Amino acid sequence: PTPIEDVAVALARMSTDGEGREHPYPVAQRSRWLPAGAWARAELQHAAAGLQAEAGAGPVAAAVVVPPEAPFCWSEKDYTAYIQSVGYVTPKLKVHYYVSPECPQAIVDLVRPVLSAQNWACTADARSAAAVRPIFIWEGSRPTIDVQPTLEFCGLVNRVAALFSITTKVGMLKAIRSWCQAAGSQFPPPWYPLTFAVPRELAAWKEHAVQHPDKRWIYKPNGGARGIGLILVSRVEDVETPERPFRSRCKALDAASADAPPLAECSFAKQGVLQEYVQDLLLIIGRKFAVRVYLLVARVKPLLVLLHGAAYAKVCGLEYSRDKFSRDDIFRHVTNQEFQKKGAEAYQDWKVIPVMTLDEVDQALASESPGAVAGAASWSSPAWSSLFWPQVRHICGDIVDAVRGRLSSESRVGEFEVLGLDFVCDAEGRVRFLEANRDPSWVVDGETKRGIIPSLVREMLEIVLAAHGGGDGSWRSALLEEPVEGGPRFEIIVDEEHEPASD
């Protein structure tokens, strides 16, 4: 086990200590993790149900020790039987975690070892899970279970409701713009391409585009994913003309949109953004690449946000050219790997370039002589990644600041979430943030992802459990001070619990 695992298990055992109360069930039946304050909440649940009065046992019933796992596995009938029998009748004590049946098997396989190690049983049946609230919920792309009963007792849910808006293109734009306004700074910040919400800001975009005809743009559907619905835009007429207004070119994204031939002209989504396209790109082997990093909101109150120290580069299958910017050139400009796989529908002998570690990116950039390929630079010293990571840390801190108010006012204890953030670099190595994805790909479909994702998910869950389990906070020291074994780990970006108090 890693140091984090050791600490997480230790905290779990500590959390079952009800201030000297002896747990009424044997160790083999107990949960190895409980949220901080679980004993007190179990007793309050007992009292609120009015079961002492129903039992008629008075002080004797009050003396019964209710196991802290009870809110997560007992029905009202179980409570009644236990209290009325003064603990003689012992309902089954088995805590469950719920994984949405819509989740891909890849994520099920990744979370199961850590969650099963807490002595929890898995269920994918929302109806049975709702009967006795699960202690942990892992949702898929859409809600399948009511999370409120779990959050009521500070169980864990892999969704932070206040973050949803920034995983949409328009929502992220609004958050960054509001953050700039509140700070009295210019929009956009240096790390975010100029972006317009359409159709609301279509007139403003048209005016800007006419004034800057050399700029290129990419249209992104508000809730789009996997490269679906992206449109390359070179001029105003690509979006609107008097004969064909924008609204007449719009169509709701549906299942057919995902199945459409990749080079076929596609309609605009009804809502989305027009984002300035970074043309002076840093390239690998003459191709555009984007970097996926993982940002973990491990706890919302007090806020704890971490950045994982491993990332991977997604590379386009065709060589980049800023002069080739039509629909036929889409595979030069969209790095999404699921979209790149569709290249086989358009080209013979198509090969998807495997994602690359950042060490591999460093090596590739260092080997390319300056000027040999458009956009190439000499990155042998310092390595490109040594300049990439400090910029990403700064940008992630700014993004968190942009949503911190909503996280404080709208979030509930027990919510956590991991986001996939995408970045590109210009030819000088300046990092630009593109978007945040709510369901980053967990598919381990190559050596690079195999070296990143399983350990990332394991450590993510260990941190989330430890951060919500009470204890003395020693998990934080282990995260910061223990030597790294087996590759990169999470690093803290925001930790309100340890931030100095503001005056």
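Here is what the cut-offs are and how they apply
Residues numbered from 1 in each chain as written. Predicted model: local features only at pLDDT ≥ 70, side-chain atom pairs only at ≥ 80, totals over all residues. Heavy atoms only, no water. pLDDT = per-residue confidence, 0-100. Contact = heavy atoms within 4.5 Å. Pairing = 2+ DSSP bridges. Helix = DSSP H or I, 4+ residues; strand = E, 2+ residues; numbered from the N terminus. Axes fitted to C-alpha atoms, helices over the stretch in contact; angles between N-to-C directions. Buried < 20%, exposed > 50% of the residue type's maximum accessible area, 1.4 Å probe, protein only. Arc of directions from axis to C-beta.

> Please explain the confidence of the model for the protein chain as it appears in this structure.
Close inspection of predicted coordinates is inappropriate for parts of the model with low pLDDT. Overall, the predicted model of the protein chain reaches an average pLDDT of 86, with 84% of residues at or above 70. pLDDT under 50 marks residues 1–17. Its contacts with residues more than four places away, or in other chains, come to 35 contacts. Across residues 371–376, confidence stays below pLDDT 50; counting only partners more than four residues off in sequence or on other chains, it has 10 contacts.

> How should the sheet that holds strand β5 (residues 195–198) be read in this particular structure?
Sheets are built from strands that pair by backbone hydrogen bonding, the pairs being arranged parallel or antiparallel. Taken together, the four strands give an open sheet; going across it, the order is β5-β8-β6-β7, and neighbouring strands pair in antiparallel fashion. Each of the sheet's edge strands pairs with one partner strand only, and the pair in question is β5 and β7 (231–233). Taking the axes of each pair of neighbouring strands and ignoring which way they run, one obtains an average angle of 25 degrees across the sheet. The pairing of strand β6 (residues 217–221) with strand β8 (residues 272–276) spans five bridges and is antiparallel. By the bridge assignment, Trp217 is partnered in β8 with Glu276. Sitting on the sheet, helix α9 (residues 169–183) touches β5, β6 and β8, and the angle it makes with β5 is about 130 degrees. This element, helix α10 (residues 202–211), spans β5, β6, β7 and β8 of the sheet and lies at about 140 degrees to β5.

> Please explain the sheet that holds strand β2 (residues 121–123) as it appears in this structure.
With respect to topology, four strands assemble into an open sheet ordered β2-β1-β3-β4, the strand pairing being parallel. The sheet terminates laterally at β2 and β4 (156–157), the two strands that pair on one side only. Strand direction decides the pairing type here: strand β1 (residues 96–99) and strand β3 (residues 136–138), joined by three bridges, are parallel. Across the sheet, the residue bridging to Tyr97 is Phe136, located in β3. Across the sheet, helix α6 (residues 105–116) is in contact with β1 and β3; its angle to β1 comes to roughly 170 degrees.

> Even after reading the chapter, I still don't get α10, so can you show me in this structure?
For an α-helix the count is 3.6 residues per turn, leaving residues at separations of three or four pointing the same way. For α10, the set of buried residues is Leu202, Trp205, His208 and Ala209. Take α10 and look down its axis: the buried residues cluster within an arc of 125 degrees, on one side only. The outward face of α10, more than 90 degrees from its buried face, is lined by the exposed residues Ala203, Glu207, Val210 and Gln211. Those residues of α10 hidden inside the fold are in contact with β5, β6, β7 and β8.

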